[in-house]
Amino acid sequence: KRPNFQKMLKAVAAGQINWIVVDDLDRFGTKNKHQLLHYIYLLQEAGCRLYSVDDTDWTAADLPTLIKAGIEGEKSEGEGIKRGERVIEAMRVLAKKGVWMGGQIPFAFDVVCYSVDGNDQPVEERWRLEIMSRDLRIKIGPNGAKREYRDRKAFPAREADELLFLRPTLDQERLRFALQIFEWYFNEAVNPFQIARRLTNLLVTPPGFAEGWSGHHVQRLLSNHAYIGKPTWNQTAQGQYVCFKGGRRQPKKKRGEVFRNEQSDWIIPDNPLFDPLIPLDLWHGVQQKLKTENVGQRKLPPRTAHHWLAGLVYCGNCNGKMHGNAIKNRNGSRTPTYFCGTANTWHGLKEKCPCKMYRVRQDILEHYLHDYFDSTLPLMNAFGGMVDRQQPKQMENAI
């Protein structure tokens, strides 16, 4: 994880470095006392001395120095936890104000650098960073000057009086697709993985630095409060020592682990910082649908959007639910069909099955549906577009 540190160790092993000097022992950069003593042993074997500026030789062979090194390593480990707590708290305060704390950049958003006032509120835009693809980012200055970044680890520097914020992109095409994703999920019987496949087929640039669209990307997009003007932080815990979980700072059970936090632990600004990208009624409808995504709480959508009638077609002979399938045509295309589920799941003798493998093509069902709607829509319009359930007789007589 530290290429230059590893390079230094290789130079030590090759006999190219005789001394290493650090400001303090904890600046040597080990995660705990055991790792520190391990590296001290490697330095001793290579004939390299480790000094701190107080003139202490930590690679001395005497026992008191090794004991002192172990104690300092223990102190350094504890200081790492305390430092992590301070950093997490500072990040939580800034994130509550809407400051971008790093991490995945949501789809249809740019990172914008602002000069800030004494309350860390944005005053003037200095530059913005557009994510063009996984390997290309463009910094746009206030005068329109552009600079490309093709190294994923490189990021534009900011001044002491500047902070970074998430803001909607200037690319209208991406803004349109962001709204489209919410509309697809809310209006159609599709899941996030099907939407991801659809976006891939449309060659839509994936979010942040991702290699491609996945169902997890769409799932997180749909629940991200940034799309209603409230950029969210702490969706994922990535700190080395400390995380913000259960409404408080606490040490990680396993250092360096990355896990998804519960929504109750997300840090969200109290008020919108910019105009919502998604209408609020659509946003709340999507959140309600997401809550029922667990199996058993809702009817599962079809595995493919092509079988949009799945779950609605029943066999006219046995009233059993019909299953979706596709017939391969001579030209290689596939025609969606439905067949009797009773016959499909029958495990006994075929002649004793209560039904046969009846099959119907979806385009035939769609033809009947069109005829039905053509005949009933005028009647629906005559009654104001809906039927009063308290007076069904009026509609019945009209039909």
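It should be noted that the structure appears before, not after, this text.
So, a few notes on the structure that sits alongside this text. Source: prediction; values computed, not measured.

## So, the pairing of strand β7 (residues 162-168)
Two faces, one strand: in a regular strand the side chains alternate between the faces of the sheet.
Next up, step 1: Extensive coverage of β7 is indicated by the burial of six of its seven residues.
Next up, step 2: Pairing between strand β3 (residues 109-116) and β7: seven bridges, direction antiparallel. Across the sheet, residue D110 finds its bridge partner in β7, namely R167.

## Comments concerning empty space enclosed by the protein
Next up, step 1: Tallied over the full model, the rule gives one cavity of 30 Å³ or more.
Next up, step 2: Its volume calculated, the largest cavity comes out at about 50 Å³.
Next up, step 3: Surrounding the largest cavity, I105, P106, F107, A108, F109, I131, R174, T205, P206, P207 and G208 form its lining.

## With respect to the packing of aromatic side chains
Next up, step 1: Across all of its chains, the model carries nine aromatic pairs by this definition.
Next up, step 2: Ring geometry for F182 against W283: centres 6.1 Å apart, planes inclined by 40°, an arrangement best described as tilted. Note that F182 is positioned in helix α4 (residues 172-187) and W283 in helix α7 (residues 280-291), a separation of 101 residues in sequence.
Next up, step 3: The rings of F109, F182, Y227, F274 and W283 are connected pair by pair, giving a single aromatic cluster.
Next up, step 4: The ring of W184 has R198 sitting right over it, with the charged end atom 4.7 Å from the ring centre.

## A short note on the nonpolar core
Soluble, globular proteins show a tendency: their nonpolar side chains are buried together.
Next up, step 1: Core analysis: the biggest nonpolar cluster contains 38 residues, and F107, I181, F182, L199, W213, L222 and Y227 have the highest contact counts within it.
Next up, step 2: The greatest single-element share of this core, amounting to six residues, is contributed by α4.
Next up, step 3: If we ignore the near neighbours within four places in the chain, the residues touching F182 are L221, L222, Y227, I278, L282, W283, V286 and Q287.
Next up, step 4: Grouped together as the second largest cluster of nonpolar side chains are 14 residues, I20, L25, I40 and L43 included.

About the criteria used
Residues numbered from 1 in each chain as written. Predicted model: local features only at pLDDT ≥ 70, side-chain atom pairs only at ≥ 80, totals over all residues. Heavy atoms only, no water. Buried < 20%, exposed > 50% of the residue type's maximum accessible area, 1.4 Å probe, protein only. Helix = DSSP H or I, 4+ residues; strand = E, 2+ residues; numbered from the N terminus. Pairing = 2+ DSSP bridges. 1 Å grid on protein atoms, 1.4 Å probe; cavity = no way out; pocket = protein on both sides within 12 Å on 5 of 7 lines; lining within 4 Å. Points joined across faces, edges and corners; volume = space filled by probe spheres on them. Phe/Tyr/Trp six-rings, centres within 6.5 Å; stacked < 30°, edge-to-face > 60°. Lys NZ or Arg CZ within 6 Å of the ring centre and 35° of its normal. Core = buried A, V, L, I, M, F, W, Y, C linked by side-chain atoms within 4.5 Å. Contact = heavy atoms within 4.5 Å.

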